[in-house]
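Architecture at a glance
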Amino acid sequence: MIEPENLLIATILVPLVGACLMWVLAPLGDVIVRRVALGTTLVVLVGTATLVAQCPTDGTPFAVHRAMGGSRYLNVQFFSLGLDGLGLWMFALSSILMITSVLVSWTAIRERVPLFYGMLLLLEFGCLGVFTAQDIILFYVFFEFTLIPLFFLIGIWGSEERRYAAIKFFLFTLAGSMLTFLGLLAIVLFDFSINQRASLVFSIPELTTALADQPIPTNWQVYIFLALFAGFAIKVPLFPFHTWLPLAHVQAPTAGSVFLAGILLKIGVYGFLRFSVPLLPNATAQCMPYLLWLSVIGIIYGALVALAQTDMKKLIAYSSVSHLGYCTLGLFALTPLAVQGSALQMINHGISTGALFALVGMLYERYHTREISHYGGLAKRLPCLTFFMVLFTFSSIGLPGTNGFTGEFLILIGMFQRGWTTPGLLIIAVLAVSGVVLGAWYMLNLVRRVFFGPLLEPAVDGHEGEPITDLNVREVAALLPLAVLVFWIGVYPKFFLDRMAPSLRHATAAAEEEVRHLDIQNEKQAASPQVATESLARVH
C-alpha cells in the first residue's frame, strides 16, 4: 500500500515524466505518442481517485510531504505538498479535464503532435502543483509555470491571430503576477517582523496560523491585498481585467480552451481563497463591497456581451466572464453558504464550460466554422452531439437537478443573507439574479439557432470528401465523465461539500468575523445621529 504522501508526489510527477516521453517516442510516430499521452492521463486519474477516496471529511490536510531547504535565514520548504478541502476538487478536475483535452485533440492536431501533447502534460503538471503547494515559493513557481505551456499551445496551434493572442495572454498575466509575488513576499516579511522569527517562513499553513494570532496592521493589509488582487483578478479574470480572455479562448486550440476555462481561470479564485481571505481578513472585509460590485458588473456585462456574439466560441468565452463573476461574488459575500457555493461553482463551471468548448471544437472539426448563422437544424444530422450540447447547456444555465443549479443557488442564497445584514448590498443580490435570466437567454438562443429549425449546414471546404458523422466512441468517452459529474453534483452535492466545508470555514472565519465587527460599527454610527437628535428634542 503506497503512503498517501508518496502517491501524491507520484501523481504530480507522472505528467512531467509523460511530457519527457513525448520527445523520446516522437520517432515512433504520432499514433504511439497519442496513446502514451492518453495512458499517462489515465494513470494520473487513477492516482487522483485513490487520493480522493482517502480524503478525510474533517478538513484535515492529508498526503502532506515536506522537504526542507534554504539557510539559516531562509526557511523554504522547497517541495512541500499536501491536499485539503480548498484544492482537492480542483486537483481532481484537472485530472479529468486533461483526459478530455487529450481525446478531443486526437485528430484535430496533426502538426508537431509530440510537442503538442508534451505541452498539454506540462500544463497538467503545473496545475496539479498549484493546487497542492504548501509553500509560497513553490506555489508561485507552479503559478508562473502554467503560463509557459499554454503560451505555446495558443501561439503554435491556435487560429489566425494566435501569436497576438498568446503574447497578450502572457503579458497580462505575467504583469499581474509580478505584483502578486511582491505581495506574497510582503506577507512573509511582516510575519518575520511581527512574530520576531529567526528566519523567513514561507510555509502557507504556518503563516496562516501565525498571522491569525498576530495580524498584519490593517493599512498594510490593504496595500498587500491590492498587490495580490492584481494577479489573481487578471487570472480569474474579474471585470474589468478580462480583455485578454475572449481572444485567448477564440484563438486557442480546443484542448487549450477546455483547460483554460476548466482549470486555469480558477487559479485566480483559488489564490484569493488560499491567500487573500485568510491572511488579510481586515483588508478583505474593507474591500468586500467594491469586490462584490465588480463581481456583479462582470456577471451582467459578460452576459450582455455574450448575447451579441456571432461566434460560438466567443459567446462561451464571454459566458465565462459572467459565470466566474458568481464565483467571486460568492467568495466575497463571506457567508458560509455563499463561500461553499463559490467553491462548488468553480468545479461546476469547469465541467460545463470545458464540455461546451469541447463540443464547439468537435463541431468546428466537422464544418470548419464557428459562426452561429451558418448552422441550423443540426439535431437532425447530429443527434448525439445535440444531446450533449443540450445537457451541458442546462448545466451552464443552472437547471434544477444539474450541478450548475446547486452552485448558483448557494451563492445567491448566501448573497441575500449578506444583503440583509449589510446595508447597501441587497441591490447586488437582486442584480445578480438577472445574470441567471440572461445566461439562459444567450445559451438557449445558441442551441435553438444551431440545432433546431430547418437544416442548414455550412459548405465544407477541405474536408477531403469525408461524410459528416455524429460523435464517435472517442468523442463520447471525452464527454461522458463530465456528464456523470453534472448529475452527481446536481443530485448529491453533499459528497463534495462535506470535503470542502471545514477548510472553507477555517479559511474565511477571520474575514467573516471582521465583517460582523464592521457591521456593528456601522450600526452604532448610524444610530448616533438619531440618538443625538432625540436628546436635543427632549431638551427643547
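Everything that follows concerns the structure shown earlier in this document.
Note that the structure is predicted; figures quoted are calculated from it, not measured.

What follows concerns the overall build of the chain. Summing up its helical and strand segments, the chain has 20 helices and five strands in all. The C-alpha radius of gyration of the chain comes to 24 Å, within 12% of the 24 Å expected for a compact globule of 540 residues. Per-residue burial over the chain gives 59% buried out of 540 residues. A separation threshold of at least 6 residues defines the contact pool for the chain, and within that pool the share at least 24 residues apart is 80%. Carbon and sulfur atoms form 67% of the exposed surface of the chain, whose accessible area is close to 20,600 Å². Computed over 29 positive and 31 negative side-chain charges, the inter-centroid distance for the chain is 3 Å.

Another point: a nonpolar patch on the surface. A cluster of nonpolar side chains, namely L480, V484, F487, W488, V491 and Y492, defines an oily patch on the protein surface of about 610 Å² accessible area. The topology assignment puts V491 in helix α19 (residues 473-491). Looking at V491, the relative accessible area reads 62%, which means it is exposed.

It is worth spelling out unusual backbone geometry at this point. Cis peptide bonds are those with omega within 30 degrees of zero, and the linkage from V236 to P237 qualifies with -5°. Relative to the assigned elements, P237 resides in the loop between α9 (218-235) and α10 (244-251). A cis geometry characterises the amide bond from F239 onward to P240, with omega recorded as 5°. Along the chain, P240 falls in the loop between α9 and α10. Backbone geometry places L334, a non-glycine residue, at a positive phi of 55°. With respect to the helices, strands and loops of the structure, L334 is situated in the loop between α14 (312-333) and α15 (336-367). In this model, H368 sits at a positive phi of 60°, which is unusual for a non-glycine residue. Checked against the element boundaries, H368 lands in the loop between α15 and α16 (383-397).

Glancing now at the nonpolar core. Core analysis: the largest hydrophobic core is formed by 188 residues, its most contacted members being Y117, L363 and F392. With 16 residues, α15 is the largest single contributor of residues to this core.

Packing of helix α2 (residues 30-54) against helix α4 (residues 113-130) brings their axes to within 9 Å, and their N-to-C directions diverge by 10°. With respect to α4, the axis of α2 lies roughly parallel. When α2 is examined against α4, the residues D30, V33, R34, A37, T40, T41 and V44 are found in contact with a partner set consisting of V113, P114, Y117, L121, E124 and L128. Grouping the amino acids of the contact of α2 with α4 by side-chain chemistry returns eight nonpolar, two polar and three charged.

Across the eleven residues of helix α11 (residues 254-264), eleven count as buried, placing the element largely inside the fold. Looking at α11, one finds that the buried residues are T254, A255, G256, S257, V258, F259, L260, A261, G262, I263 and L264.

The subject of this paragraph is the environment of A285. The topology assignment puts A285 in helix α13 (residues 281-307). You can call A285 buried: its relative accessible area is 4%. For A285 and L334, which are 49 residues apart along the polypeptide, the C-alpha to C-alpha distance reads 8.6 Å.

Between its terminal C-alpha atoms helix α18 (residues 426-451) stretches 39 Å, which fits the 38 Å expected from 26 residues at 1.5 Å a residue. Where α18 is concerned, the buried positions are I428, A429, A432, G435, L438, G439, Y442, M443, L446, V447, V450 and F451. Next to the buried residues of α18 lie α13, α14, α15, α16 and α17 (403-421). Just downstream of α18 lies G453, where phi reads positive at about 90°.

Within the secondary structure, T132 is located in the loop between α4 and α5 (136-145). With a relative accessible area of 0%, T132 lands in the buried category.

Next up on the list: the side chain of T284. Secondary-structure assignment places T284 in helix α13. Reaching out from T284, the side chain makes a polar contact with the backbone oxygen of S276 at a distance of 3.2 Å. The contacts of T284, once residues within four sequence positions are left out, are F225, S276, V277, F332, L334 and A511.

This paragraph deals with the packing of helix α6 (residues 147-157) against helix α7 (residues 162-194). Across the interface, α6 lies against α7 with an axial gap of 7 Å and an inter-helix angle of 160°. Accordingly, the angle class assigned to the pair α6 and α7 is roughly antiparallel. Relative to α7, the crossing made by α6 is right-handed. Contacts from L147, L150, F151, I154, G155, I156 and W157 in α6 reach R162, R163, A165, A166, I167, F169, F170, T173 and L174 in α7. Across the contact of α6 with α7, the residue classes break down as twelve nonpolar, two polar and two charged.

Right, let's get into the pattern of salt bridges. Applying the stated criterion across every chain, the model contains six salt bridges. The partner of D311 in a salt bridge is R370, with the nearest N and O atoms 3.4 Å apart. Taken together, the positions of D311 in the loop between α13 and α14 and R370 in the loop between α15 and α16 put the pair 59 residues apart, joining distant regions of the chain. Grouping residues by exposure puts D311 and R370 together as buried. The salt bridge involving K494 is made with D498; its shortest N-O contact spans 2.7 Å. With K494 and D498 both in helix α20 (residues 494-539), this residue pair falls four residues apart, about one helical turn.

Reading the values: the criteria
- Residues numbered from 1 in each chain as written.
- Predicted model: local features only at pLDDT ≥ 70, side-chain atom pairs only at ≥ 80, totals over all residues.
- Heavy atoms only, no water.
- Helix = DSSP H or I, 4+ residues; strand = E, 2+ residues; numbered from the N terminus.
- Rg over C-alpha atoms; globule rule 2.2 N^0.38 Å.
- Buried < 20%, exposed > 50% of the residue type's maximum accessible area, 1.4 Å probe, protein only.
- Contact = heavy atoms within 4.5 Å.
- Areas by Shrake-Rupley, 256 points an atom, 1.4 Å probe, with all protein chains shown as cover.
- Lys, Arg positive; Asp, Glu negative; His and termini not counted.
- Charge placed at Lys NZ, Arg CZ, Asp CG, Glu CD.
- Patch = residues over 30% accessible without salt bridge, like charges linked within 9 Å, V, L, I, M, F, W, Y side chains within 5 Å.
- Salt bridge = Lys/Arg side-chain N within 4 Å of Asp/Glu carboxyl O.
- Core = buried A, V, L, I, M, F, W, Y, C linked by side-chain atoms within 4.5 Å.
- Axes fitted to C-alpha atoms, helices over the stretch in contact; angles between N-to-C directions.
- Parallel < 35°, antiparallel > 145°, perpendicular 65-115°, else oblique.
- Nonpolar A, V, L, I, M, F, W, Y, C, P; charged D, E, K, R; others polar.
- Expected span 1.5 Å × (residues − 1).
- Polar contact = N/O pair within 3.5 Å; in protein donor to acceptor, adjacent residues only side chain to side chain.
- Left-handed = near helix turned anticlockwise from the far one by under 90°.

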